[in-house]
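# Commentary on secondary and tertiary structure
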Amino acid sequence: MARKRRSTTEINTAENASVPKRRYTSAQRTHLEEMIVFNQKKCLSWYHKYTNDAGELGPEGMEKFCMDLGVDPEDLVMLVLAWKMSAKSMGYFSSAEWLKGLTELQCDSVKKLQSKLESLRLYFNDPLAFKSIYRYAYDFARDKDQRSMDIETAKLMLNLLLGKQWKLYNLFAKFIDQSKYRVINKDQWCNILEFSRSITTDLANYDIDGAWPVMLDEFVDWIKNSNS
């Protein structure tokens, strides 16, 4: 007599029955839900943990926020976070900015945001994302009362953003120190990034007749004169 073949459904049912199901306590289920589900009210409550009497998250609150996250305030991941929030001023987050960025990241607690920090750092490995962050940094860091960025702030931001990846950065910083420039405008700022990406360290592919700002023409001349 032929043996009756079991259907796939019967086999799967039998296999599943042999695997012990994990049972969670009520507290464990609540914890899992909290880790998965984003809660806007909880997110805003978290924001107010860092605000002052005027309801503003400013430098003091930012310092405490960074301390809770376990990152240095000058860590570039904080710039990425500000970019995600579309924050307008360095050292300040409005409640609307906070909600915008953290809703996108689905984070309503320190632990959730800490778990996203490494993924936020990866934006620096994406050329298009990095370009967006770099351009954003100009308006974010400059004094809002001025149209251009003062040279000291520009040097600080350029060092953070390009210091480790642009081999000519140290020379550029020395050039700026001895130059007449006291501010950097947005066109110069954007072209510095393009220069760092496209011009070789020996300057062999630099076209003096190209559409580079005068600042960069002067930088190239300064290097050549220093080497002669």
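Everything discussed here concerns the structure shown above.
Quick summary incoming for the structure in this document. Model, not experiment: these values are computed from the prediction.

## A look at the packing of helix α5 (residues 76-85) against helix α9 (residues 127-141)
Contact geometry for α5 and α9: axes closest at 10 Å, N-to-C directions at 85°. Compared by their axis directions, α5 and α9 come out roughly perpendicular. Facing Leu79, Val80, Ala82 and Trp83 of α5, the residues of α9 in contact are Ala129, Ser132, Ile133, Tyr136, Ala137 and Phe140. Looking at the contact of α5 with α9 residue by residue, the classes come out as nine nonpolar, one polar and no charged.

## What to know about α9
An ideal rise of 1.5 Å per residue puts 21 Å on 15 residues; α9 measures up with 21 Å between its terminal C-alpha atoms. Taken residue by residue, α9 has Ala129, Phe130, Ile133, Tyr134, Tyr136, Ala137, Tyr138, Phe140 and Ala141 as its buried positions. Structurally, α9 contributes buried residues whose contacts are with α5, β1 (149-150), α10 (151-162), β2 (183-184) and α12 (186-198). The distance from a side-chain oxygen at the start of α9 to the backbone nitrogen of Leu128 is 3.0 Å, and the residue carrying that oxygen is Asp126.

## Comments concerning the packing of aromatic side chains
We describe a pair of aromatic rings using the distance from one ring centre to the other and the angle between the two ring planes. Tallying each qualifying case throughout the model produces 25 aromatic pairs. With centroids separated by 6.0 Å and ring planes inclined at 70°, the aromatic side chains of Trp46 and Phe65 adopt a geometry described as edge-to-face. Placement of the pair is Trp46 in helix α3 (residues 40-48) and Phe65 in helix α4 (residues 59-69), with a sequence separation of 19 residues. Judged by its relative accessible area of 0%, Phe65 falls in the buried class.

## A word on the environment of Ala137
Position of Ala137 relative to the elements: it lies in helix α9. The spacing of Ala137 and Leu158 is 21 residues in sequence and 9.6 Å in space, taken between C-alpha atoms. Excluding its chain neighbours within four sequence positions, the residues that come into contact with Ala137 are Leu79, Met149, Met157, Leu161 and Trp189.

Definitions and cut-offs
Residues numbered from 1 in each chain as written. Predicted model: local features only at pLDDT ≥ 70, side-chain atom pairs only at ≥ 80, totals over all residues. Heavy atoms only, no water. Axes fitted to C-alpha atoms, helices over the stretch in contact; angles between N-to-C directions. Helix = DSSP H or I, 4+ residues; strand = E, 2+ residues; numbered from the N terminus. Parallel < 35°, antiparallel > 145°, perpendicular 65-115°, else oblique. Contact = heavy atoms within 4.5 Å. Nonpolar A, V, L, I, M, F, W, Y, C, P; charged D, E, K, R; others polar. Expected span 1.5 Å × (residues − 1). Buried < 20%, exposed > 50% of the residue type's maximum accessible area, 1.4 Å probe, protein only. Polar contact = N/O pair within 3.5 Å; in protein donor to acceptor, adjacent residues only side chain to side chain. Phe/Tyr/Trp six-rings, centres within 6.5 Å; stacked < 30°, edge-to-face > 60°.

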